[in-house]
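These are the residues of each chain, in order.
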Amino acid sequence: LKIARFLRACVGLDESAITEPLVSQSVVDSWVDSACQTSEERENVETEPNPVLDTLVAFVKANKVTDNVENAHRILIQSWRQGGILWNGQVLPWLVESENTSLRSTVLELASAESKAQITQLASSTDY
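Nothing here was measured: the structure is a model prediction, and the numbers come from that model. (Residues numbered from 1 in each chain as written. Predicted model: local features only at pLDDT ≥ 70, side-chain atom pairs only at ≥ 80, totals over all residues. Heavy atoms only, no water.)

**Topic: the overall build of the protein chain**
Basically, it comes down to this: We count a stretch as a helix when DSSP gives it H or I for four or more residues in a row; a strand needs E for two or more, and each element gets its number in order from the N terminus. Think of it in three bands: with a 1.4 Å probe and only protein chains considered, a residue is buried below 20% of the maximum accessible area for its type, exposed above 50%, and partly exposed in between. Throughout, a residue-residue contact means that at least one pair of heavy atoms, one from each residue, lies within 4.5 Å. Here, Shrake-Rupley sampling with a 1.4 Å probe gives the accessible areas, and only protein chains in the shown set may cover a residue.
Along the protein chain, the regular secondary structure elements total six helices and zero strands. For the protein chain, the N- to C-terminal ordering of α and β elements is α-α-α-α-α-α. Split into buried and exposed, the 128 residues of the protein chain put 35% on the buried side. Residue pairs at least 24 apart in sequence account for 59% of intrachain contacts in the protein chain once pairs closer than 6 positions are excluded. Of the roughly 7900 Å² of accessible surface on the protein chain, a fraction of 55% belongs to carbon and sulfur atoms.

The following block contains the structure:
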């Protein structure tokens, strides 16, 4: 809880104390790189709660990822990969809201493409 609050304060999401970011966009970008796997790394998806990813999701939901939409996609796809309470309890209900139609469509397309690639890979590596 303390780590999550600290991280939220760093990006300006702690309304009770600090509303301006304490870190630069390049720091947030490095958080995205550390918390969000590339498609090549997806075999080892972390399922434990990740305060950095949780903070990044809150950052997306607060519309603070305006200059790099690709980062928003990476963050949301990583939350989908991780699943659990972050995806089911926070991201999915938020994505269903009517104002998120473009973002929802993109996340669905990316998740679908990734799922199809995984199924194809599994099917081709299985000996029948």
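Picking up after the structure, the text goes on.
**Some points on the pattern of salt bridges**
So the rule is basically this: Salt bridges are counted wherever a side-chain nitrogen of Lys or Arg sits within 4 Å of a carboxyl oxygen of Asp or Glu.
Scanning the model with the defined rule gives three salt bridges in all. The residue Asp33 makes a salt bridge to Arg74 at a minimum N-O spacing of 2.8 Å. Taken together, the residues Asp33 in helix H2 (residues 25-35) and Arg74 in helix H4 (residues 69-82) connect sequence positions 41 residues apart. Arg74 gets classed as partly exposed once you look at its relative accessible area, which sits at 22%.

**A look at unusual backbone geometry**
Positive phi values are uncommon outside glycine, yet Asn63 reaches one of about 60°. Within the secondary structure, Asn63 is located in the loop between helix H3 (51-61) and H4. The exposure class assigned to Asn63 is exposed, which follows from its relative accessible area of 57%.

**Brief notes about the packing of helix H5 (residues 84-96) against helix H6 (residues 101-125)**
Counted only if it meets this: Helix axes are fitted only over the stretch in contact, all axes being lines through C-alpha atoms; the angle between N-to-C directions runs from 0 to 180 degrees. Angle categories are assigned with fixed cut-offs, so that under 35 degrees is roughly parallel, over 145 is roughly antiparallel, 65 to 115 is roughly perpendicular, and the rest are oblique.
Close contact between H5 and H6 brings their axes to 8 Å; oriented N to C, the two are set at 125°. The orientation of H5 relative to H6 falls into the category oblique. Across the interface between the two elements, Trp87, Trp94, Leu95 and Val96 from H5 touch Leu103, Arg104 and Val107 from H6.

**Some remarks on the environment of Val91**
Mapped onto the fold, Val91 is located in helix H5. In this structure, the C-alpha to C-alpha distance between Val91 and Asp54, residues 37 residues apart in sequence, is 9.9 Å.

**Structural notes on H2**
Spacing of three or four residues puts side chains on the same side of an α-helix, whose turn is 3.6 residues. Put simply, the rule reads: The arc in question is the one traced by the directions running from the helix axis out to the C-beta atoms.
Every buried residue of H2 is accounted for by Val28, Trp31, Val32 and Ala35. Each buried residue of H2 lies within a common arc of 100° when the element is viewed along its axis, so the set occupies one face. Away from the buried face of H2 by more than 90 degrees, exposed residues Ser26, Asp33 and Ser34 are located. The elements touched by buried residues of H2 are helix H1 (2-10), H3 and H4.

**Topic: the confidence of the model for the protein chain**
Going by this rule: The predictor attaches a confidence to each residue, called pLDDT, with possible values from 0 through 100.
Here the protein chain averages 86 in pLDDT, while 91% of its residues score no lower than 70. For the protein chain, H1 is the element with the lowest average pLDDT, namely 89, and H3 is the one with the highest, namely 94.

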